[in-house]
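If you want the building blocks of each chain, they are given just below.
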Amino acid sequence: MKNLKESWKNDLKSLRWQTFLALLVAGSINAFGVTVFLAPVNLYDSGISGTSILLSQITPASLSLFLLVLNVPLFLFGLKKQGPAFTIYSIFAVVIYSLASWLIVDVLPIDVRFASPLAGRDLLLCALFGGLISGVGSGLTIRNGGAIDGVEVMAVIFAKRLNLTVGTFVMIYNVVLYTVCGFAVHSWILPLYSIVTYAAGLKTVDFIVEGIDRCKSVMIVTEKAKEINDAIMEEFETGTTCFDATGGYSNAPKSIVYFVVNRFQIAKVRAIVKRVDPAAFLTITEVAEVVRAATAKK
């Protein structure tokens, strides 16, 4: 218990006003995408946001109310697992999302009752731009240490218990949601277009959180580690990591050279390895983020 209190205390000390400012922007962007492109033409966002849109259509209550009522309890439920900083940031983002949605729908002179003010009733345009813009808002929220949808917290808490990945849990939730929407509105056109929204939003979140141009990690298994290492460092002016290995079939001594490059350097890497050691085994994998430990500490 003492360790938990100390951990939470340190977590609360990490709160920054700059992050709240970024979340203010993120929540507003998310609200703009949903209320200007999706809700006016009865398309559905993913997760709790999509659930809130459906409930606002079939009940007298507003979208902004459901966003608060459904999301806040889920973030509080996940407080112990996620920590106070994540919970505070997330609830703040949801409050901004809800407030901005209310302002756009009920206060500002924007007519979003029957069509999108920018895309009309073109379902494809609304699905794409609604997904892209709300994805930017969600991505910025995640990048700043929070979440704008409570289903993500549910996924973290329950996915492992159900022997699922977090992504699979969220996908199953959305499939169920869109199926329910289809039966509720007696049409499958809107739920199917909503899948386009989900796909566009998901890809946008990846771009915002992990970057459009991800780095590549390269691992080379070779018997000419020094030659390859020297060639790589001379060509790219970057450091490498070398460690000893043993061939599983031949039991021959080998070395592994590991380093990170960008995608434009991959062709040169292949050419260097082929020139220095044609028998080398090379693997290339995507890296979501590269952080130096010294610069990560604050």
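Above this text you will find the structure in question.
Owing to the predicted nature of the structure, the values given are computational and were not obtained by experimental measurement. (Residues numbered from 1 in each chain as written. Predicted model: local features only at pLDDT ≥ 70, side-chain atom pairs only at ≥ 80, totals over all residues. Heavy atoms only, no water.)

Within the protein chain one finds 13 helices and four strands. Here the C-alpha coordinates of the protein chain stretch approximately 75 × 50 × 35 Å along the principal axes. For the protein chain, the residues scored as buried account for 40% of the 298 residues in total. The long-range share in the protein chain, meaning contacts at least 24 apart out of those at least 6 apart in sequence, stands at 73%. In the form shown here, the protein chain has an accessible surface area of approximately 16700 Å², with 64% of it arising from carbon and sulfur atoms. In the protein chain, 26 positive and 21 negative side-chain charges are present, and the distance between their average locations comes to 6 Å. (Helix = DSSP H or I, 4+ residues; strand = E, 2+ residues; numbered from the N terminus. Buried < 20%, exposed > 50% of the residue type's maximum accessible area, 1.4 Å probe, protein only. Contact = heavy atoms within 4.5 Å. Areas by Shrake-Rupley, 256 points an atom, 1.4 Å probe, with all protein chains shown as cover. Lys, Arg positive; Asp, Glu negative; His and termini not counted. Charge placed at Lys NZ, Arg CZ, Asp CG, Glu CD.)

Let us now look at the packing of helix α3 (residues 47-58) against helix α9 (residues 166-185). At a closest axis distance of 10 Å, the pairing of α3 and α9 adopts a crossing angle of 15°. By the angle between their directions, the pair α3 and α9 is classed as roughly parallel. Judged by the twist between their axes, the crossing of α3 over α9 is left-handed. Contacts between α3 and α9 involve Gly47, Ile48, Gly50, Thr51, Leu54 and Gln57 on the former and, on the latter, Tyr173, Asn174, Leu177, Val180, Cys181, Ala184 and Val185. The class makeup of the residues in the contact of α3 with α9 is eight nonpolar, five polar and no charged. (Axes fitted to C-alpha atoms, helices over the stretch in contact; angles between N-to-C directions. Parallel < 35°, antiparallel > 145°, perpendicular 65-115°, else oblique. Left-handed = near helix turned anticlockwise from the far one by under 90°. Nonpolar A, V, L, I, M, F, W, Y, C, P; charged D, E, K, R; others polar.)

The subject of this paragraph is the pattern of salt bridges. Taken as a whole, this structure holds five salt bridges when the rule is applied. Between lysine 226 and aspartate 230 there is a salt bridge whose closest N-O contact spans 2.9 Å. In this pair, lysine 226 and aspartate 230 both sit in helix α11 (residues 225-236), four residues apart, roughly one turn of the helix. Given the relative accessible area of 32%, aspartate 230 is considered partly exposed. (Salt bridge = Lys/Arg side-chain N within 4 Å of Asp/Glu carboxyl O.)

The next subject is the environment of alanine 31. Positionally, alanine 31 belongs in helix α2 (residues 17-38). Owing to a relative accessible area of 0%, alanine 31 belongs among the buried residues under this scheme.

By size, the foremost hydrophobic cluster in this structure holds 36 residues, and its most contacted members are Val34, Leu43, Tyr44 and Tyr97. Looking at this core, the elements with two or more residues in it are α2, α3, α4 (63-77), α6 (84-107), α7 (123-143), α8 (151-158), α9 and α10 (189-210). Ranked by residues supplied to this core, first place goes to α2 with six residues. In contact with tyrosine 44, other than residues within four places in its own chain, are Gly50, Ile53, Leu54, Gln57, Tyr178, Cys181, Val185, Leu190, Ser194 and Thr197. In terms of nonpolar packing, the next biggest core, distinct from the first, is built from 16 residues, Val218, Ala231, Val269 and Val276 among them. (Core = buried A, V, L, I, M, F, W, Y, C linked by side-chain atoms within 4.5 Å.)

Where nonpolar side chains cluster on the molecular surface, the patch consists of Leu99, Trp102, Leu103, Val107, Leu108 and Ile110 and spans about 470 Å² of accessible area. Topologically, valine 107 is positioned in helix α6. (Patch = residues over 30% accessible without salt bridge, like charges linked within 9 Å, V, L, I, M, F, W, Y side chains within 5 Å.)

Following the sequence through the fold, asparagine 30 ends up in helix α2. A polar contact of 3.5 Å, which involves the side chain of asparagine 30, links it to the side chain of tyrosine 97. Excluding residues within four positions of it along the chain, asparagine 30 makes contact with Asp45, Tyr97, Ser134, Gly137, Ser138 and Ile148. (Polar contact = N/O pair within 3.5 Å; in protein donor to acceptor, adjacent residues only side chain to side chain.)

Under the 1.5 Å per step criterion, the end-to-end length of α9 is 29 Å for 20 residues, consistent within 8% with the ideal 28 Å. Listed as buried for α9 are Phe169, Val170, Asn174, Leu177, Tyr178, Cys181 and Gly182. Where α9 ends, the next residue or the one after it, histidine 186, has phi of about 55°, a positive value. (Expected span 1.5 Å × (residues − 1).)

Attention now moves to the sheet that holds strand β2 (residues 241-246). What the four strands build is an open sheet, ordered β2-β3-β1-β4; its pairing is antiparallel. Bordering the open sheet on either side are β2 and β4 (281-287), each of which pairs with just one other strand. Shown here is a sheet whose adjacent strand axes are inclined to one another by a mean of 20°, direction ignored. Across seven bridges, strand β1 (residues 215-222) lies against strand β3 (residues 253-261) in antiparallel orientation. Its bridge partner lying in β3, serine 217 is registered against valine 260. The strands that α11 touches are β1, β2 and β3; relative to β3, the one it contacts most, it runs at about 15°. (Pairing = 2+ DSSP bridges.)

What follows deals with the packing of aromatic side chains. What characterises a pair of aromatic rings is the spacing of the ring centres plus the angle enclosed by the ring planes. Applying the stated criterion to the full structure yields seven aromatic pairs. On the basis of an interplanar angle of 65° and a centroid distance of 5.1 Å, the ring pair of phenylalanine 20 and tyrosine 89 is categorised as edge-to-face. Linking phenylalanine 20 in helix α2 with tyrosine 89 in helix α6, this pair joins segments that are 69 residues apart in sequence. Judged by its relative accessible area of 23%, phenylalanine 20 falls in the partly exposed class. The interplanar angle of 15° and the centroid separation of 6.1 Å between the aromatic rings of phenylalanine 77 and phenylalanine 158 together place this pair among those described as stacked. Of this pair, phenylalanine 77 sits in helix α4 while phenylalanine 158 is found in helix α8, placing the two residues 81 residues apart along the sequence. Given a relative accessible area of 54%, phenylalanine 77 falls into the exposed group. An aromatic cluster is present here, built from Phe20, Tyr89 and Phe92 joined pairwise through their rings. (Phe/Tyr/Trp six-rings, centres within 6.5 Å; stacked < 30°, edge-to-face > 60°.)

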